[in-house]
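Fold and contact review
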Amino acid sequence: MSAANTAESADFRGPLDITRAATAVLDAESTVIGWSPAAAELLGYGPAEALGRPLSAFLSVHPVGGAPPVGIEAVAGTDASGAPGTTGVPGTTATGIGPPSLVGNEIHVAHARDGRELLVATAMCPLPGGAADRGPGAPDRILVAAEVGELRHWESRLALLQGLATQSPVGLAIYDTDLRLTWCNTAYEREIGQPLAAFRGMRADELYGDGSFVTPGYPQTLDGVMHQVLDTGEPVLDLNFRAQQPSDPGRDHLWSCAYYRLEDAHGHVFGVCEDAFDITDRYRVQERLTLLVEAGRRIGTVLDVATTAEEIAEVAVPDFAATVRVDVTRAAVTGETAAVGSPADMALLRVADRSEPGTATPDPALPDPGPGPGVRGTGPLDSEGAESGPPGESGAASPGDDDRHPYPPIAYPPGSPQHRSLSSGGLVLDEGTLVVPLRAGGGILGLVTFDRGVGPDASGRPPAPDRATTFDNGEVALADELAARAAVCIDNARRYTRERTASLALQRQLLPHHLPPQSAVRTAYRYLPADDVTGVGGDWFDVIPLSGTRVGLVVGDVVGHGLQAAATMGRLRTSVRAFAQLDMPPDELLTRLDDLVGQPAEEPPGASGGAVETYDVTTGATCLYAVYDPVSRRCVMARAGHLPPAIVDPDGGVSFPDLPAGPPLGLGGLPFESMEFELPVGSLLALFTDGLVEARDHDIAHGLDTLGRVLGDRSASLEELCDRAVSELVPGGTSADDTALLLVRTRELDAERVAHWELNAEAVSVGRARELATGQLEAWGLEELVFATQLVVSELVTNAVRYAGGPLGLRLIRDRTLVCEVADTGHTSPHLRHSAEDDEGGRGLFIVAQLVQRWGTRYTPTGKTIWTEQTLPPADEG
């Protein structure tokens, strides 16, 4: 629309205004004696044609009433057929002459020069003086006329102005160039709470002194924005203004405002107009929606109960509440299934408590007198079998570990909103406190307490539309939705904690709880599962005490990770321990283990119900088994597809022995071969899985070089070497594969603690053996064990003389137990049996078994060795 059209549409002079209406001057006999240009334009008659003619030549004598005559153009409201229609004037529809607003003006039919008939509204204005004093040709009255449609348009504009002034919900105000109020509509008066006369002439900043604009990029004050509009002439739209409404003090409102400059017909500026619409309710709804979106983004980011509780408190403070407290049941924190009972009797732990700065709200919770143990985190297993933090921490657990994550137990007194919520299982609103239960799975996991508080805002941020001291229905529904989302996340975290706790318990049962001290070696280890969700994996290690103070060292790797790999690892580890107790050499043990893995599982078809497809992760597992003898300092080892160990001599030299590489377990086809080494005292033996030395960013060779460099530091302890190896090779403590590392420092038994004699296979050797054993025990100060040892030596040497033959060997070892060994050249093992009453023999080995702690048979290339272990007297156990 052009500027001219805009100005024309804004012309509020009435159609019957004499300056623009069709005007005729009449004498007393209704003869036309004056004819305006507007009249000539309306009817088509020029002044020369109209002057001197009677008015009836142009207008009907009598006003038109009822339905207009047929044929009247563009004004009648009915078409030629008599059916209701349009008047031809936009916005005008009539069933008669015209709208009721035209009452007061006479409606006539006007006859145009071209034959058209028009409906026109007329008004008659008599001139001063009486008609009797005027003769023909003297002006008597003035008639003005306008088309009905044009008059209707003008009255619509008047109705619009009237509606904006009295009925519009939008506040309208006009300020002069000094920014003083000159006019406002009814809506604005309602906001102020007074009639216009009471505050006319006041400045805007006087009416809303505490208000400010919050839309960025514009001045914050009313004066600043209005001056900008007056100076630039550029209107501004949708500026958000926050202030307290004079008619509603104590509560902030938010308005959407528009400003534009007002000019007269000559372009002179005389003020600025303000349009303001209260959007407080809409803003609050938007705030709630934003809070829900933020809650969906920030709550439940991790599967941890305490973190989830902190997240809901962070989301709600300070935008929704001044203080938020989250209390959850002990079962939710520990991952247990909630106990069945009265919710009011639940043991609650305070896991989150957050308040707006500068605001303090009373806490009705009382300390629970019951015990409140902390909840321990989960991490990699350390060398003491306890949980450790990130790689690099010492394997020893600190005494304060149980208090690392304490959550104080609390109890609520009867009658408190929290106690009522627990008792009823529903939300409770008590003035400015709203308590919402955390419900999931048909049970209650805890409570969330939202408290509005009454303290001032001390956070320093721009004030938001202030919160009431209580919660309305919409806010109660919002709190319920927040609690419902948090409850789902907390329940997921509880389930995860339960599953992870079960997985870690499984892992601890499958792996050594701790490595008992050994005379043969000193050990340290680290275990890092790749599956950080379940915390279990398929790698394993073990240190197995064997007869004769020897020790078995084993490390293995099952294909994959997770629960299935852990279960397979448990079966393999149990098998290795069982075979190791038979004192098998490493190559024979791996052969037996390979045969066991290669046997097909005898599981009937459909045993799994067809719900889950299973696959065999046992085939392809790798294993390294070594046996170290601290008496001879000999180490024998064999491997089944596993990486060779690292051996560090006392001088710091690192080597990776070229062990014969047997096939992985279950594949079969090739034999396993052993290799024997003599290890100097203080040698370091490192057994590890490929997850330690292999990664996506480097190959195994690089990992082995790095491991060798770390292990070459002779000044570091075993624990320090474990930490350094993990930090160097597994940064961050996580890798794509499970990681196991076992470090072993070899020892040698002193000659004073070992006694060995060679005996002939003859009857007199029995007495000789008793004498030698008795003398050695007395030299060691173990007189308490002389009698039992004499019986043991007599029985074992007698059996060797009678059934085996050849040279005999007798050895006593004073270690953590007293070890007695008798070696012969036979290859048959004695069996423990219960003799009948009439049997003359067979009771000796039974008596031996009752005297010793344990006993067994160990086969050697030249025969066998029968060994026993006796517990040392308490004073000599160290």
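Residues numbered from 1 in each chain as written. Predicted model: local features only at pLDDT ≥ 70, side-chain atom pairs only at ≥ 80, totals over all residues. Heavy atoms only, no water.

Turning our eyes to something else, we now look at the overall build of the protein chain. When helices and strands are tallied, the protein chain shows 21 helices and 34 strands. With 878 residues in all, the protein chain has 46% of them scored as buried. Put simply, of all contacts in the protein chain between residues at least 6 apart along the chain, 63% involve residues at least 24 apart. Carbon together with sulfur atoms contributes 54% to the accessible area of the protein chain, which is approximately 41500 Å² in total. (Helix = DSSP H or I, 4+ residues; strand = E, 2+ residues; numbered from the N terminus. Buried < 20%, exposed > 50% of the residue type's maximum accessible area, 1.4 Å probe, protein only. Contact = heavy atoms within 4.5 Å. Areas by Shrake-Rupley, 256 points an atom, 1.4 Å probe, with all protein chains shown as cover.)

Attention shifts here to helix α17 (residues 700-711). Between its terminal C-alpha atoms α17 stretches 16 Å, which fits the 16 Å expected from 12 residues at 1.5 Å a residue. Listed in full, the buried residues belonging to α17 are Gly-703, Leu-704, Thr-706, Leu-707, Gly-708, Val-710 and Leu-711. Where α17 is buried, its residues touch β24 (646-648), β25 (654-655), β28 (684-688), α16 (690-693), α18 (718-729) and β29 (739-746). (Expected span 1.5 Å × (residues − 1).)

Take the pairing of strand β5 (residues 141-147) next. Of all seven residues in β5, six are buried; the element is thus mostly enclosed. Bridging between strand β1 (residues 22-26) and β5 involves five bridges; their strand directions are antiparallel. For Thr-23, the partnering residue across the bridge sits in β5 and is Val-144. The sheet contact formed by strand β4 (residues 117-126) and β5 spans seven bridges and is antiparallel. Looking across to β5, one finds that Ala-123 is bridged to Val-144. (Pairing = 2+ DSSP bridges.)

The next thing to look at is the confidence of the model for the protein chain. Any region with low pLDDT has predicted coordinates that should not be read closely. Within the protein chain, residue pLDDT values average 81, and 81% of them lie at 70 or more. Every residue in residues 1-7 is under pLDDT 50, and counting partners more than four places away or in other chains gives two contacts. Contacts for the low-pLDDT stretch residues 371-405, under 50 throughout, to residues beyond four places or in other chains number 74 contacts. (pLDDT = per-residue confidence, 0-100.)

Pairing analysis gives three bridges linking β1 to strand β2 (residues 32-35), with the strands arranged antiparallel. If you follow Leu-26 over to β2, its bridge partner there is Val-32. Between the end of β1 and the start of β2, which pair antiparallel, lie five residues, with Ser-30 showing a positive phi angle near 60°.

Here we take up a nonpolar patch on the surface. There is a patch of nonpolar side chains on the surface, built from Leu-158, Leu-160, Leu-161 and Leu-164 and spanning about 320 Å² of accessible area. Tracing the sequence through the fold places Leu-158 in helix α4 (residues 148-166). Judged by its relative accessible area of 35%, Leu-158 is partly exposed. (Patch = residues over 30% accessible without salt bridge, like charges linked within 9 Å, V, L, I, M, F, W, Y side chains within 5 Å. Salt bridge = Lys/Arg side-chain N within 4 Å of Asp/Glu carboxyl O.)

Contact pair α17 / α18: the axes reach a minimum separation of 9 Å and the direction vectors enclose 150°. Viewed along their axes, α17 and α18 adopt a mutual orientation that is roughly antiparallel. In this structure, the crossing between α17 and α18 has a hand that is right-handed. Residues Gly-703, Thr-706, Leu-707, Arg-709, Val-710 and Leu-711 of α17 pack against Leu-721, Arg-724, Ala-725, Glu-728 and Leu-729 of α18. For the contact of α17 with α18, the class distribution of residues is six nonpolar, two polar and three charged. (Axes fitted to C-alpha atoms, helices over the stretch in contact; angles between N-to-C directions. Parallel < 35°, antiparallel > 145°, perpendicular 65-115°, else oblique. Left-handed = near helix turned anticlockwise from the far one by under 90°. Nonpolar A, V, L, I, M, F, W, Y, C, P; charged D, E, K, R; others polar.)

Turning our eyes to something else, we now look at the sheet that holds β29. The strand order across the open sheet built from five strands is β19-β29-β28-β24-β25, with neighbouring strands paired in antiparallel fashion. At either end of the open sheet lies a strand with only one pairing partner, and these are β19 (521-528) and β25. Here eight bridges tie β19 to β29, and the two strands are oriented antiparallel to one another. Bridge assignment links Val-521 to a residue of β29, and that residue is Thr-746. Across the sheet, α17 is in contact with β24, β25, β28 and β29; its angle to β28 comes to roughly 145°. Running over the sheet, α18 touches β19, β28 and β29 and is turned about 25° from β19.

Listed in full, the buried residues belonging to helix α21 (residues 844-851) are Gly-844, Leu-845, Val-848 and Ala-849. Along the axis of α21, the buried residues cluster in a sector spanning 140°; they form a single face. Here the buried face of α21 lies against α20 (786-804), β33 (854-860) and β34 (863-871). (Arc of directions from axis to C-beta.)

If you walk through the whole model with that rule in mind, you get 39 salt bridges. Between Glu-314 and Arg-354 there is a salt bridge, and its shortest N-O distance comes to 3.4 Å. With Glu-314 in helix α10 (residues 305-316) and Arg-354 in strand β13 (residues 348-355), this residue pair connects regions lying 40 residues apart in the sequence. Taking the relative accessible area as the measure of exposure, Arg-354 reaches 31% and is therefore partly exposed. Salt bridges sharing partners connect three or more residues here, namely Glu-294, Arg-297, Arg-298, Glu-314 and Arg-354.

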